Amino acid sequence: MFMIRRILPFFIRLSCSALLLSLARPAAAVPVLFSPEAIDTESIVQELSGLSTPDAVTQRTLATLQNPQQAKLALNRLQRDLRDNGELGNIVTLAPRIMELLPDNTAIRNMYALALAAKGETSAAAAVIEAMPAGSEPSDLYASLAKSAIAKAGGRLTEAGTAASRAAAIDSEHPYSYNLLGQIDIERRDFESARENFQTATLYAPRFSAAWSNLGSVQYLQGESKQAWTSFSTAIDLSPHFCAPRIGRAAVSSDRGDSTNAISDLEACLKSEPQQPLASRLLATQYLQSGRLDDAENIANALSAADSDYARIILADIYLRRNLPKEARKQLQAITKPDVQVHYLLSFCDMIEGRHHDAVKRIKQAEALQADAATLAVVGQIYHFYTGMPVDQTKLIRLGQDVAVGQLALYVAGNVSASAGNLDEAYRLWSKTENLLPGFTLQGVSRAQVGKSVDRGEQRHLALGILYYLKSLYPAAQSEFTKALDTNTDSFMANYLAALAVAQAGDSDTAGKYLQRSLKQTPGFFPANYMLAEIYLRRADIDAAIRHYQAAADSKPDGGVLIKLGLLYEQNKRKKEAEKAYRKFIATYPDNFIGYNQLAWMFTRDGVRLDEALGLASKANELQTDNASVNDTLGWIYFQKNDYAQAKKYLQHANTISNGKNPDILFHLASLENALGNTSAAKTLVKRALENSANFESASQARQLLENLRAN
């Protein structure tokens, strides 16, 4: 089994085509096509800022509070906790008992009102304020905070802001005043001021998890996803069971296309709060977009009592993906209020069931509710095209500028042009759709080949089929692609798209046949070559995989393809071709460390051209400092050059970076210790390497080293 130089996580990010490794992964446009409404990040941020941290487990039980002195000590602790980390949970637990023991103390009463208001119990909070002993000072810190929280909960933002500002004036370094001001700013849509207030809160209280979470929410809203990730992660570290930062970090992961981490955070949130509605809704959507239909269905069923309309929409989408439009229709027709998504999804039910003109009417109803939705506009034009109604080509090309659905709009515009016999325009438009699907590109296909392979009659089926595919309605997509092939058996485009659709059902044999037919017409078609190479690779037909990877690379010097080619050539002992692939990678991506490190490792592993390998690895180290793989390469080069001091420097650093868990690095350190005469240390290291993994690049050498050490 060939191995990339232990850099796969970074490598996968290198190229779009690498995403085709997992054919089940939805295209980037799918989340937009799931919901024609823009993601309302502002409402999410407002909802997150209103979530409180989970109730803390108090260190002082009610049984220990037996006298006023103990109550005073407990009150002091609660005040410190509020200042240090915004903790309110213990106040809710202990305040009633402290108020019994300290009946004239106003601080605990106001703190109790604040805590109740933060939990959403505003009536109870107001009652606590009303029961305040006569003569209480209405403008002390806690009274001002409590009044602000109560006013905010009641939507009286001016009153809330005034009270919170008064609290900040009373104690200019108390973090809770600024956190509360930030929450008020969010509701006022003054996000810059909210950001400043949350930053101030975290400055005065670095362990205030809610303030960190709120700061992350504003950063996320302002498009600073990296900073938001850091703030959310800080909040999670401080309060692992706090849902708000988990939801926020999941939103960042979702935007990055990282459904795995998004799902992990949302599942962790629901483990802490099983009924958390926002997390449930987002998790259902993540499951749906990841193709985990059974999991999405379970969440939707659990939501049905509390949020029945949302649950029905999720269930309808699931049924559509299972090619059960009648069941989907039942769910949608049970929703009585006007809803964009209901009309949108019903239009798919109509199209799949052959009610094409009804679908056109449905999408117009959706557009009436949300006239500026680009998704609806593109879908409407596709339906018009399919049913033979006039298509606004100018509108499609204008929609091509939309970030979310622009590639789909341009692809359909190409279909429209091709159906009219204008193949030059179709070729130009299709050439602009490289982000329509992962790895899709028209590179490697000439205008002349398009002219020989394209038929006017297939175009409406391709347009509707690609819409279905992007919506993850794979059986419906396959039906349309089959109709296109019935019209034009030799269509390079229809055969490729049909291959994608059947691959979703796990039928790689049929997918391979479609791809071969596509490549018969357009031998240099990059995505078809790449996908067919992947199929051959899974079958362990290395020669065929190399042939199609090479054809893909000849059309487009894609980084993922070049690295795979190098690895496969290495496996087939074709080192010159491997070197050529790696050097092509370096020439194409001169600022990426992978090519330098991979070529350096090939030389190093073979013990040849070590000076050149050192130069390549050093360049990799300049580009990617503190990378375990690069430091391991450098260490092994110095080991083979008998410079053990330098070898130890780099290998130990590599081991530190990898937390002592990389078996290859451990084996290299063991070899170094053995060469230095430290056989005991060598034996410990090589044993640890083999304990960590039985199958790694140097496993056979490690076993041989251990055998030799035992023999001696």
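All values derive from a computational prediction rather than experimental measurement.

Student: So what exactly am I meant to see when it comes to the pattern of salt bridges here?
Tutor: Two side chains that carry opposite charge are able to pair once their charged atoms sit near each other. The full count for this structure, using the stated rule, is 37 salt bridges. Asp350 is the salt-bridge partner of Arg362, the closest N and O atoms lying 3.3 Å from each other. With a gap of 12 residues between them, Arg362 in helix 21 (residues 356-369) and Asp350 in helix 20 (residues 340-352) connect regions that are remote in the sequence. With relative accessibility at 2%, the residue Asp350 sits in the buried group. A salt bridge links Arg609 to Glu579, with the shortest nitrogen-to-oxygen separation between them at 3.1 Å. Pair noted here: Arg609 is in the loop between helix 35 (593-606) and helix 36 (610-623) and Glu579 is in helix 34 (residues 575-588), with a separation of 30 residues, a long-range link.

Student: Explain the environment of Ile335 to me, please; I cannot follow it from the model alone.
Tutor: Topologically, Ile335 is positioned in the loop between helix 19 (325-333) and helix 20. Between the C-alpha atom of Ile335 and that of Arg312, which follows or precedes it by 23 residues, the distance is 7.7 Å. Once you skip the residues sitting within four places of it in the chain, Ile335 turns out to touch Asp309, Arg312, Ile313 and Val342.

Student: Where do I start with the nonpolar core in this structure?
Tutor: Side chains of a nonpolar character, in soluble globular proteins, are inclined to be buried together. Counting 170 residues, the largest nonpolar core has Tyr383 and Leu497 as the members making the most contacts within it. If one sorts the elements of this core by residue count, helix 29 (residues 492-504) sits on top with 11 residues. Sequence-distant contacts of Tyr383, that is, excluding residues within four places in its chain, are made with Ser347, Phe348, Met351, Ala359, Val360, Ile363, Leu464 and Leu467.

Student: What is the right way to look at the environment of Ala682 in this model?
Tutor: Tracing the chain through its elements places Ala682 in helix 40 (residues 679-692). Apart from the residues within four sequence positions on either side, Ala682 is in contact with Ala670, Glu673, Asn674 and Leu709.

Student: Looking at this model, I keep getting lost on the side chain of Thr522. Mind explaining?
Tutor: Here Thr522 is to be found in the loop between helix 30 (508-521) and helix 31 (526-538). A polar atom in the side chain of Thr522 sits 3.0 Å from the backbone oxygen of Ser518. What Thr522 contacts, discounting residues up to four positions off in sequence, is Val445, Gln449 and Phe492.

Student: Please clarify how helix 5 (residues 89-101) should be interpreted in this entry.
Tutor: The α-helix winds at 3.6 residues per turn, so residues separated by three or four positions along the chain end up facing the same way. Helix geometry: helix 5 is bent most strongly at Ala95, by close to 45 degrees, with proline Pro96 lying one to four residues after it. Three or more residues of helix 5 are buried, namely Gly89, Asn90, Ile91, Leu94, Ala95, Ile98, Met99 and Leu101. Residues of helix 5 that are buried sit in contact with helix 4 (68-85) and helix 6 (106-118).

Student: When you look at unusual backbone geometry in this model, what are you seeing that I'm missing?
Tutor: What you tend to see is this: most non-glycine residues have negative phi, and most peptide bonds are trans. Positive phi outside glycine occurs at Asp626, with the angle close to 65 degrees. Tracing the backbone shows Asp626 in the loop between helix 36 and helix 37 (628-640). A positive phi angle, near 65 degrees, is found at Asn642, a position not held by glycine. Relative to the assigned elements, Asn642 resides in the loop between helix 37 and helix 38 (644-657). On the accessibility criterion, Asn642 (56% relative accessible area) is exposed.

Student: Explain the state of the cysteines to me, please; I cannot follow it from the model alone.
Tutor: What is meant by a disulfide is a covalent connection between two cysteines, made through their sulfur atoms. For the structure on display, the rule yields 1 disulfide. Cys243 shares a disulfide with Cys269; S-S distance 2.0 Å. With the S-S bond torsion at 105 degrees, the cross-link from Cys243 to Cys269 turns out right-handed. Here Cys243, found in helix 14 (residues 243-255), pairs with Cys269, found in helix 15 (residues 259-272); they are 26 residues apart in sequence, far enough to count as distant. Accessibility classification places Cys243 together with Cys269 in one group, the buried group.

Student: Would you mind going over the confidence of the model for the chain with me for this structure?
Tutor: When pLDDT drops low, the exact placement of atoms in the prediction is not to be read closely. Mean pLDDT for the chain: 88, with 90% of residues reaching 70 or above. In this model residues 1-32 is a low-confidence stretch, pLDDT under 50, and it forms 87 contacts with partners more than four residues away in sequence or in other chains.

Reading the values: rules and limits
Residues numbered from 1 in each chain as written. Predicted model: local features only at pLDDT ≥ 70, side-chain atom pairs only at ≥ 80, totals over all residues. Heavy atoms only, no water. Salt bridge = Lys/Arg side-chain N within 4 Å of Asp/Glu carboxyl O. Helix = DSSP H or I, 4+ residues; strand = E, 2+ residues; numbered from the N terminus. Buried < 20%, exposed > 50% of the residue type's maximum accessible area, 1.4 Å probe, protein only. Contact = heavy atoms within 4.5 Å. Core = buried A, V, L, I, M, F, W, Y, C linked by side-chain atoms within 4.5 Å. Polar contact = N/O pair within 3.5 Å; in protein donor to acceptor, adjacent residues only side chain to side chain. Bend = angle between axes of the 7 residues up to and from the residue. Disulfide = S-S within 2.5 Å. pLDDT = per-residue confidence, 0-100.

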